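# Structure at a glance
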Amino acid sequence: MEREVRVRFAPSPTGPLHIGGVRTALYNYLFAKKMGGKMLLRIEDTDQNRFVPGAEDYIFQSLEWCGIKLDESPVHGGPHAPYRQSERKPMYMDYALKLVNDGHAYYAFDTAEELDAMRERLKAAKVATPQYNAITRNTMRNSLTLPEDEVKELLESGTPYVIRLKVPRKEEIRLKDLIRGWVLVHSSSIDDKVLMKSDGMPTYHLANIVDDHLMDITHVIRGEEWLPSAPLHVLLYRYLGWESTMPEFAHLPLLLKPDGNGKLSKRDGDKLGFPVFPLEWHDPFTGEKSSGYRESGYLPEAFVNFLAFLGWNPGTHQEIFSMDELAEAFSIERIGKSGTRFDINKARWYNEQYLRAKPDAELAQYLLAALAEHNIACSEEKAVKIASVMKERVTFPQDFWREAAYFFVAPETYNEKVAEKKWNNAAVAVFEDFKNQLPNIQEYTADNIKALLLQILEQHNMKIGQVMQALRLALTGLEAGPDLMAIIEIIGPDETAKRIETATEKLQAYIPS
RNA sequence: GGCCCGUUCGUCUAGGGGUUAGGACACCAGAUUUUCAUUCUGGUAACAGGGGUUCGAUUCCCCUACGGGCUACCA
């Protein structure tokens with residue numbers, strides 16, 4: 001019997017989604033798409049203490065920006081609504097109680113202080129793993145140690161309690177991971193995890209099993225940090241009687257900091273010199289602002305392509321993939337096992353590739369938008385020309401303005417080194433003639449402009465290499481840039497003449513005597 | 001500390017018992033050019049170490065080292 005593939009992305013709204021979370025969502029999406037299945041988003045907000053306003057909205061915006069489409073979610077709705085665990089609160093207790101009745105879970109009344117004391121005691125006794133487990137639960141205050149009527153009384157009097165899973169003392173738990181193969185864990189290394197908290201909310205462990213089962217999830221694709229608790233989840237499926245429809249697991253290798261020193265985390269913010277968030281984030285508590293890939297100028301297609309290759313590869317030499325191509329090529333088997341260091345260089349390269357693949361007219365819009373902000377008028381035609389000469393030299397859309405402002409604004413300062421080396425009387429004399437004859441050009445094109453310059457150069461007995469740097473300096477103030485003749489064509493004869501005049505005045509001091 | 005996972009160029013990775021260990025980013029050099037960039041060509045650079053198994057291990061097994069994750073009434 002083939003079940004329809006159903007995967008879920010289940011973030012908790014405790015802040016902005018970070019890049020590792022985006023990758024997890026992406027892999028889920030690619031897998032669902034590849035298999036012709038469905039992807040849903042479930043908000044895991046069972047810890048009300050960690051609620052961060054705006055976080056949920058941020059998650060949706062991020063996925064939308066990336067082009068990750070959801071079939072079911074709190075905002076898209078779906079047959080398994082609600083998709084927010086806080087709204088599903090009433091349903092979890094039944095399952096917890098079932099576990100209690102079946103002898104797989106129990107009430108525990110220990111206070112935080114008592115738990116601390118227990119751990120201290122075990123630590124002092126040099127116990128390797130101080131935990132609430134098959135041995136220690138016998139010394140604690142729970143429904144396994146207390147007389148039945150006392151338990152009843154405590155419950156009825158409203159004493160705070162939690163429900164803990166009764167993990168067997170000696171049992172091998174096997175777990176098949178799609179990426180790592182069989183993982184064997186002994187039950188003695190798992191503690192009696194809290195299933196229901198004293199505030200009536202389930203913990204992640206219970207909630208995710210109940211919801212994944214109810215929502216018909218077939219594959220759980222999540223970060224490697226969940227691998228240690230996966231055996232516990234297997235136990236829960238078993239005790240709840242759902243083992244036959246238990247989803248398959250795939251635990252993704254983590255995204256590491258560039259130095260390999262620990263996993264990339266939200267707290268890294270901008271400390272590493274690159275964004276860790278897809279979109280800019282304003283912390284509602286501290287007011288702190290963290291940069292995002294979108295605002296930094298990364299195109300979503302480039303960002304997605306880059307992210308997909310962090311830990312996965314198609315096994316071919318193709319590097320550029322659209323979302324559809326990624327989905328087509330995707331398979332869980334080709335996800336790597338080891339942690340992936342983050343390298344922003346590759347992201348920049350991808351961005352350049354995607355930018356250059358765009359038609360000039362589209363790139364021109366980036367420039368036009370920036371110009372509008374600076375209240376500078378510019379024709380569509382001119383913007384397209386500039387985009388065309390700049391596209392091979394930009395990494396981000398902002399660069400069209402940032403690195404090409406001289407098309408609109410005359411230079412106010414000039415590169416000193418070039419001025420010292422290249423500005424001289426011979427060059428100035430050429431420019432003077434050039435400036436004066438510019439209006440004579442019939443058809444004002446880069447080719448014709450060059451022909452004129454060459455002709456003047458010949459009259460002066462000079463070669464083009466002797467003046468180009470100086471001319472570029474006069475017109476742009478810079479030492480480098482796109483083809484100068486194209487620049488002259490674009491800024492026009494009047495502006496060119498004006499800039500030559502200005503430079504001749506301002507650079508007088510650099511002329512060697 | 002305990003448990004779990006991992007380890008191929010600087011980085012992302014392909015590969016797999018016998019290969020000149022392949023690609024991409026980055027880096028370096030050359031070519032082109034009016035500069036820088038682009039582009040093209042070429043180059044440097046890797047199987048963590050030690051034991052097995054085997055005719056032969058980078059590939060399979062074990063150990064060590066190193067790295068990472070988990071170890072909450074957080075997810």
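All values reported here derive from a predicted model rather than from experimental measurement. Within each chain, residues carry numbers counting from 1 in the order of the written sequence. Each chain gets a letter, beginning with A, and each ligand a number, beginning with 1, in the order they are written. With the structure being a predicted model, the display of local features is reserved for residues of pLDDT at least 70 and the display and counting of side-chain atom pairs for 80 or more, all residues being used for whole-chain, interface and lining totals. Only hydrogens and water are set aside when side-chain values are computed; all heavy atoms of the structure are taken into account.

### Here's the deal with unusual backbone geometry
What counts, and what does not: Every helix listed is a DSSP run of H or I at least four residues long, and every strand listed is a run of E at least two residues long, numbered separately from the N terminus. A simple rule labels every residue: compare its accessible area, found with a 1.4 Å probe on the protein chains alone, to the largest value its type can have, and call it buried under 20%, exposed over 50%, or partly exposed in between.
Note that the residue after A81, namely P82, is joined by a cis bond; omega there is 0°. The residue P82 is located in the loop between α2 (55-66) and α3 (89-101) in this model. Phi at K126 is positive, roughly 60°, even though this residue is not glycine. Looking at where K126 falls in the secondary structure, it is placed in the loop between α4 (112-124) and α5 (148-156). Accessibility expressed as a relative area gives 72% for K126, which makes it exposed. With a phi close to 65°, D216 is a non-glycine residue in the positive phi region. Tracing the backbone through its elements, the reader meets D216 in the loop between α6 (204-214) and β8 (219-223).

### As for the domain arrangement of chain A
A common measure of how large an interface is: the accessible area buried when the components associate. Definition in use: For the domains described, the bounds stem from an automatic or database domain assignment.
Domains assigned within chain A are domain 1 (6-74 + 206-256), domain 2 (89-196), domain 3 (266-357), domain 4 (358-403) and domain 5 (410-513). In this structure, domain 3 and domain 5 have C-alpha centres spaced 43 Å apart.

### As for the UniProt feature "binding site: ATP" (unreviewed entry) in chain A
Applied cut-off: UniProt positions are given in the numbering used here, feature names are shortened, and annotations may be inferred rather than shown by experiment. Definition of a polar contact: a pair of N or O atoms within 3.5 Å, with one able to donate and the other able to accept a hydrogen when the atoms are protein atoms, and with sequence-neighbouring residues admitted only if both atoms are side-chain atoms.
With numbering matched to this structure, UniProt assigns "binding site: ATP" (unreviewed entry) to K266. Mapped onto the secondary structure, K266 falls in the loop between β10 (255-256) and β11 (281-282). Of note is the side chain of K266, whose polar atom sits 3.3 Å from the side chain of T14.

### A few points about the packing of aromatic side chains
Our working rule: Pairs were defined over the aromatic rings of Phe, Tyr and Trp, the Trp ring being its six-membered one, requiring ring centres within 6.5 Å. Orientation was assigned from the angle between planes: stacked under 30 degrees, edge-to-face over 60, tilted for the rest. Here, over-ring charges are defined by two tests on the NZ atom of lysine or the CZ atom of arginine: distance to the ring centre within 6 Å, and angle to the ring normal within 35 degrees.
Within the structure shown, the criterion is met by 23 aromatic pairs. Plain terms: the ring middles of F306 and F342 are 5.4 Å apart, the flat faces sit at 90° to each other, and that makes the pair edge-to-face. With F306 in helix α9 (residues 300-308) and F342 in the loop between β13 (340-341) and α11 (344-356), this pair connects stretches of sequence that are 36 residues apart. Across the pair, F342 and F306 agree in class, each one buried. Through a chain of ring-to-ring contacts, three or more aromatic side chains come together here, namely Y27, F309, W312, F321, F330, W349 and Y350. A cation over an aromatic ring shows up here: R164 above the ring of Y132, its NZ or CZ 3.8 Å from the ring centre.

### Examining the protein's contact with RNA strand B
Note the following rule: Each residue is tested against the molecule or strand, and it is near if at least one of its non-hydrogen atoms lies within 4 Å. Gly counts as polar in this scheme, as do all residues outside two lists: the nonpolar Ala, Val, Leu, Ile, Met, Phe, Trp, Tyr, Cys and Pro, and the charged Asp, Glu, Lys and Arg.
The local shell around RNA strand B holds 57 residues, among which R180, E392, R393, G481 and D483 are the closest. In RNA strand B, atoms within 4 Å of the protein come 71% from sugar and phosphate. In the environment of RNA strand B, a base nitrogen lies 3.3 Å from a nitrogen or oxygen atom belonging to the backbone of D110. One of the side-chain N or O atoms of N313 is found 2.8 Å from a sugar or linking oxygen in RNA strand B. Counting only elements with at least two residues in the surface near RNA strand B, the list comes to β4 (162-165), β6 (181-186), β13, α11 and α18 (468-476). Take the surface near RNA strand B: its biggest share by element is 4 residues, from α11. Split by residue class, the surface near RNA strand B holds 16 nonpolar, 17 polar and 24 charged.

### Examining the packing of helix α12 (residues 360-373) against helix α13 (residues 380-390)
Stated precisely, the cut-off is as follows: Comment: axis = line fitted to C-alpha atoms, over the contacting stretch for helices; angle = value between 0 and 180 degrees taken between N-to-C directions. For this classification, under 35 degrees means roughly parallel, over 145 means roughly antiparallel, 65 to 115 means roughly perpendicular, and everything else is oblique. We call two residues in contact whenever any of their non-hydrogen atoms come within 4.5 Å of each other.
Where α12 meets α13, the axes come as close as 8 Å, and the angle between the chain directions of the two elements is 105°. Between α12 and α13, the interaxial angle falls into the category roughly perpendicular. When α12 is examined against α13, the residues D360, A361, L363, A364, Q365, L367 and L368 are found in contact with a partner set consisting of E380, A383, V384, I386, A387 and S388. The residue inventory of the contact of α12 with α13, partitioned by class, reads 9 nonpolar, 2 polar and 2 charged.

### Focus on the pairing of strand β9 (residues 248-252)
Stated formally: In this scheme, strands are said to pair when DSSP sees at least two bridges between them. Orienting the strands away from the viewer, one traces the path from the first strand over the helix to the second; a clockwise path indicates a right-handed crossover.
Counting buried residues along β9, 4 of its 5 residues qualify, which places the element largely inside the surrounding structure. With 5 bridges joining them, β8 and β9 adopt parallel strand pairing. Along β9, the bridge assignment pairs G223 with L252. In this view, the connection linking β8 to its parallel neighbour β9 by way of helix α7 (residues 230-239) has right-handed handedness.

### Observations concerning the nonpolar core
Our working definition: What we call a nonpolar core is a set of buried Ala, Val, Leu, Ile, Met, Phe, Trp, Tyr and Cys residues that are connected through their side-chain atoms within 4.5 Å.
Judged by nonpolar contacts, the single largest core of 114 residues is most densely connected at I68, F407, W423 and F434. Top element by residues in this core is helix α1 (residues 19-34). It accounts for 9 residues. Not counting residues within four places of it along the chain, the set of residues in contact with I68 comprises V22, A25, L26, Y29, M39, L63 and M323. Counting residues in each nonpolar core, the second largest holds 40 residues, with Y107, M196, V210 and L235 among its members.

### Examining the sheet that holds β4
Judged by pairing direction, the sheet is antiparallel, and its 3 strands sit side by side in the order β3-β4-β7 without closing on themselves. Taken across any chain shown, the strands that pair with only one partner, and hence form the sheet edges, are β3 (105-108) and β7 (194-196). When the angles between neighbouring strand axes are averaged without regard to direction, this sheet yields 40°. Those strands touched by α3 are β3, β4 and β7, and its axis lies near 105° from that of β3.

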